Amino acid sequence: MKILVTGSNGFIGKNLIVELSNRGYNDIYKCDINTTKQELDEYIEKCEFIFHLAGVNRPENDEDFMKGNFGFTSEMLDLLKKHNNKAPIVITSSIQAELDNPYGKSKKAGEDLMFNYEKETGAKVMLYRLPNVFGKWCRPNYNSVIATFCYNIARDMSIKVNNPEVVLNLVYIDDVIEELISNLNQKGHVKDKFYYVPIVYTQKLGDIANLIYSFKKSRDNLLLPNMQDGFIKKLYSTYLSYLPEKEFSYPVKMNIDERGSFTELLKTDERGQVSVNIAKPGITKGNHWHHTKNEKFIVVSGKGKIKFRKIGSDEVIEYNVSGDKIEVVDIPVGYTHSIENVGDTDMVTIMWANEVFNPDKPDTYYLKV
């Protein structure tokens, strides 16, 4: 299928073209501000489906709203009529088309033009009034508050929250692209005459800012956000896409002594924490037990022996572990346990605990195995 994408270099356009390519659609005509009239004419003549994403939202003059959002659409439709091409058209408008401002008026004019074209020619038109769209590759400090917040907070730059109680309706770029592409198989969501993205998040502006600040702090406190929350998961992914390229990595505190080291890596309020333990040859660590705290040990390098003894029993249970055969060893409550490096190299163990360590209530009691 020959697909024309207008606004191909914009936020939604870039994401759409990449995903179309991922799915095997490689015959794509890309139209942006630098496309010549001759090229556009050729694209319009040959295309079999159109994603009309081009538009103007931050012009120097109000008059350019109508020129960019109405004028270009009119030009495209005239070319379609010229070539008698009735290719289906997906067009993205904005919820601001309902508002009485220059941008909204230009969007409404473009919508009316499309609906009249549909009635006149019988060509299928699928029109989306999109709310605020967020995700990777959106231009910061332009017209997206989330892109601006993510970009600025990641760089210790200030943000402006005029009213933290303002409520935003938001759609995530991957959900938008999934919905747009579904129209290639006539599976888009529609109500009355407007198409829509089914997954919408309603959030307060102040809450969004606080979440993004918490993402930045997670490098210090190691607390990951709650990924079960769909909005938080997608917002965190968006935030990471705005990190400065020289700051993808960050240090963590290594607790080092003559035995080796212990380093906390990640923490969650819902799923406990993950740490890495490095023990030198001949070193034994542990010799303690827990009431409720439970752990999982995974030796990923070196050789070790994990020993258990149930409280009140003399029987010692042993497990030989090695990075050559990675396996998970559960550390049940009520068993004192230890892990010994029995190899000739450092032993590296990934350790998971079901709760974040609390120094005021460690639930850890020394007792030699």
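In short, a report on the structure. The shown structure was predicted, so the numbers you read here are calculated from the model rather than taken from an experiment.

**Considering the environment of Ala 87**
Right, on to step 1. Tracing the sequence through the fold places Ala 87 in the loop between helix 3 (63–82) and strand 4 (89–94).
Right, on to step 2. Placed 173 residues apart in sequence, Ala 87 and Gly 260 show a C-alpha to C-alpha distance of 67 Å.
Right, on to step 3. Excluding anything up to four places from it in sequence, Ala 87 contacts Cys 47, Glu 48, Phe 49, Ala 123 and Lys 124.

**Here's the deal with the pairing of strand 13 (residues 272–279)**
Right, on to step 1. Along strand 13, six of the eight residues are buried, which leaves the element largely enclosed by surrounding structure.
Right, on to step 2. Summarising the sheet, strand 12 (residues 260–268) and strand 13 pair through eight bridges and their orientation is antiparallel. Within strand 13, the position partnered with Thr 268 by the bridge is Gly 272.
Right, on to step 3. Taking the residues between adjacent antiparallel strands as the criterion, strand 12 and strand 13 are bridged by three residues.
Right, on to step 4. Summarising the sheet, strand 13 and strand 20 (residues 347–353) pair through seven bridges and their orientation is antiparallel. Counted as the bridge partner of Gln 273 is Ala 353 from strand 20.

**What to know about the nonpolar core**
Right, on to step 1. Val 5, Ile 12, Leu 20, Phe 51, Ile 208 and Ile 212 are the most contacted members of the largest nonpolar core, which totals 50 residues.
Right, on to step 2. In contact with Phe 51, other than residues within four places in its own chain, are Ile 3, Leu 4, Val 5, Thr 6, Leu 16, Leu 20, Val 90, Leu 180, Ile 181 and Leu 184.
Right, on to step 3. With 21 residues, the next largest nonpolar core counts Leu 4, Tyr 43, Cys 47 and Leu 80 among its residues.

**What to know about a nonpolar patch on the surface**
Right, on to step 1. Taken together, the side chains of Tyr 250, Val 252 and Leu 266 define a hydrophobic patch exposed on the protein surface, amounting to about 210 Å² of accessible area.
Right, on to step 2. Tracing the backbone through its elements, the reader meets Tyr 250 in the loop between helix 8 (230–240) and strand 11 (254–257).
Right, on to step 3. With a relative accessible area of 34%, Tyr 250 lands in the partly exposed category.

**Concerning the environment of Phe 149**
Right, on to step 1. Here Phe 149 lies in helix 5 (residues 145–154).
Right, on to step 2. The sequence separation of Phe 149 and Gly 304 amounts to 155 residues, and the corresponding C-alpha distance is 47 Å.
Right, on to step 3. Here Phe 149 is in contact with Ile 159, Lys 160, Val 161, Leu 205, Ile 208, Ala 209 and Ile 212, once residues within four sequence places are set aside.

**Focus on the sheet that holds strand 7 (residues 167–172)**
Right, on to step 1. One open sheet accounts for three strands, arranged 6-7-10; its pairing is mixed. Here the strands that pair on one side only, and so sit at the sheet edges, are strand 6 (132–134) and strand 10 (201–204). The sheet shows a mean angle of 45 degrees between the axes of neighbouring strands, taken without regard to direction.
Right, on to step 2. Pairing between strand 7 and strand 10: four bridges, direction antiparallel. Looking at the pairing, Leu 168 lines up with Gln 203 of strand 10.

What counts as what
Residues numbered from 1 in each chain as written. Predicted model: local features only at pLDDT ≥ 70, side-chain atom pairs only at ≥ 80, totals over all residues. Heavy atoms only, no water. Helix = DSSP H or I, 4+ residues; strand = E, 2+ residues; numbered from the N terminus. Contact = heavy atoms within 4.5 Å. Buried < 20%, exposed > 50% of the residue type's maximum accessible area, 1.4 Å probe, protein only. Pairing = 2+ DSSP bridges. Core = buried A, V, L, I, M, F, W, Y, C linked by side-chain atoms within 4.5 Å. Patch = residues over 30% accessible without salt bridge, like charges linked within 9 Å, V, L, I, M, F, W, Y side chains within 5 Å. Areas by Shrake-Rupley, 256 points an atom, 1.4 Å probe, with all protein chains shown as cover. Salt bridge = Lys/Arg side-chain N within 4 Å of Asp/Glu carboxyl O. Axes fitted to C-alpha atoms, helices over the stretch in contact; angles between N-to-C directions.

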